[in-house]
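Summary of structural features
Here is how the chains run, residue by residue.
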Amino acid sequence: QKEVEQNSGPLSVPEGAIASLNCTYSDRVSQSFFWYRQYSGKSPELIMSIYSNGDKEDGRFTAQLNKASQYVSLLIRDSQPSDSATYLCAVNPSPSGGSYIPTFGRGTSLIVHP
Amino acid sequence: EAQVTQNPRYLITVTGKKLTVTCSQNMNHEYMSWYRQDPGLGLRQIYYSMNVEVTDKGDVPEGYKVSRKEKRNFPLILESPSPNQTSLYFCASSPQPERTGLWAEAFFGQGTRLTVV
């Protein structure tokens, strides 16, 4: 069973701080990694995608991938109360491995307090 | 506007009464899928479709059917709903993996909150 593990939280940070969200995955052949933000009762929306080892920055968001350690993280700088949501880590396998089913983590709840 | 549209958004039904949740996308994506989301269990894939007339089971297919007669539509059918199918359902679409084998992100519909009593 392929697994994607996230700490459920809640992770509570003050406004303006850096929020660090972590995700580990079990399937070594995974190639595509995504972070989604989901507000309560709403659909997931893409925050970041990353495919190669290292860091990828987009505005206040930085995704970090370490395939050797099977670890992907999301950093949110200058956190705002509007960032309060559940963050889902998603891992897609390599299609060449015959799998077309992505695996989602259960999400980490982030609370940014003023 | 690129979007995935689900209908209905909310549905309350009784055990055993067949229902269909529709899903349509306007991005010409080959890959479409259905998920259910339950507290503490996260998003779990029910069925997926790689293209027209090509469907396959996800992680939790029991009690569900799908069809893909057209590229843009991927309805979810519950032939005989039961209370354990009460959940929040999402349809999603993505382009096929590129030649490099990399998936692009999934676009999700607005969700359908289903209650079976």
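In case you missed it, the structure is sitting above this.
The next point concerns the overall build of chain B. Along the backbone of chain B there are zero helices and 11 strands. Moving toward the C terminus, one meets the helices and strands of chain B in the order β-β-β-β-β-β-β-β-β-β-β. Over its C-alpha trace chain B gives a radius of gyration of 14 Å, about what one expects of a compact globule, namely 13 Å for 117 residues. If you line up chain B on its principal axes, its C-alpha atoms span 45 × 30 × 25 Å. Within chain B, buried positions represent 50% of all 117 residues. When contacts within chain B are restricted to residue pairs at least 6 apart in sequence, those whose partners lie at least 24 apart make up 54%. Roughly 5,600 Å² of accessible area belongs to chain B as shown, and the carbon and sulfur atoms make up 51% of that amount. Computing the positive centroid from 13 side-chain charges and the negative centroid from 11, chain B places the two 6 Å apart.

With 21 residues of chain A in contact, the opposing surface of chain B contributes 25 residues. Regarding the contact of chain A and chain B, the summed buried area is about 1,900 Å², with carbon and sulfur atoms giving 61% of it. Of all residues in chain A, the largest losses of buried area upon contact with chain B belong to A:Tyr100, A:Ile101 and A:Phe104, amounting jointly to 28% of the total for that side. Summed over the shared surface of chain A and chain B, the number is zero salt bridges. Linking chain A with chain B are seven residue pairs in polar contact (both at pLDDT 80 or more). Of all the secondary structure elements, the ones that give two or more residues to the side of chain A that touches chain B are strand 4 (32–38) and strand 9 (85–92) of chain A. Element by element, the count of residues in the side of chain A that touches chain B is highest for strand 4 of chain A, at four residues. Split by residue class, the side of chain A that touches chain B holds 12 nonpolar, seven polar and two charged.

With that settled, consider the sheet that holds strand 1 (residues 4–7) of chain B. Strand pairs in the sheet, formed through backbone hydrogen bonds, run parallel or antiparallel to each other. Residue and element names in this part refer to chain B. The strand order 1-3-8-7 describes an open sheet built from four strands, whose pairing is antiparallel. Every interior strand has two partners, whereas the edge strands, strand 1 and strand 7 (65–66), have only one. Relative to strand 3 (residues 19–25), strand 1 runs antiparallel, the two being bridged by four bridges. Within strand 3, the position partnered with Val4 by the bridge is Gln25.

Rules used in this analysis
Sequence order sets the numbering: in each chain, residues are counted from 1 along the sequence as written. Chain labels run from A onward and ligand labels from 1 onward, assigned in the order the entries are written. Thresholds applied to this predicted model are a pLDDT of at least 70 for local features of residues and 80 or more for the giving and counting of side-chain atom pairs; totals over whole chains, interfaces and linings are not thresholded and use all residues. Computation of side-chain values: all heavy atoms of the structure, hydrogens and water removed. Numbering of helices and strands runs from the N terminus; a helix is a DSSP stretch of H or I covering at least four residues, while a strand is a stretch of E covering at least two. Here the globule rule is a power law, 2.2 Å times the number of residues to the power 0.38, and the radius of gyration is based on C-alpha atoms. For every residue, the accessible area obtained with a 1.4 Å probe (protein chains only) is divided by the maximum for its type, and the residue is called buried under 20%, exposed over 50%, and partly exposed between those limits. For this analysis, residues touch if any pair of their heavy atoms sits within 4.5 Å. Here the accessible surface of atoms and residues is derived via Shrake-Rupley with a 1.4 Å probe, and residues count as covered only by protein chains that are part of the display. In this charge count, Lys and Arg are treated as positive and Asp and Glu as negative; neither His nor the chain ends contribute. Charged groups are reduced to one reference atom each: NZ for lysine, CZ for arginine, CG for aspartic acid, CD for glutamic acid. A 1.4 Å probe defines the accessible area here, and the buried area is the portion of it lost by two parts on being joined, summed over both. The salt bridge criterion pairs a side-chain nitrogen of Lys or Arg with a carboxyl oxygen of Asp or Glu, the two atoms within 4 Å. N or O atoms closer than or at 3.5 Å make up a polar contact, with two conditions inside protein: a donor-capable atom paired with an acceptor-capable one, and, for residues adjacent in sequence, both atoms drawn from side chains. Any residue that is not Ala, Val, Leu, Ile, Met, Phe, Trp, Tyr, Cys, Pro, Asp, Glu, Lys or Arg is counted as polar, Gly included; the first ten are nonpolar and the last four charged. We treat two strands as partners when DSSP finds at least two bridges between them.

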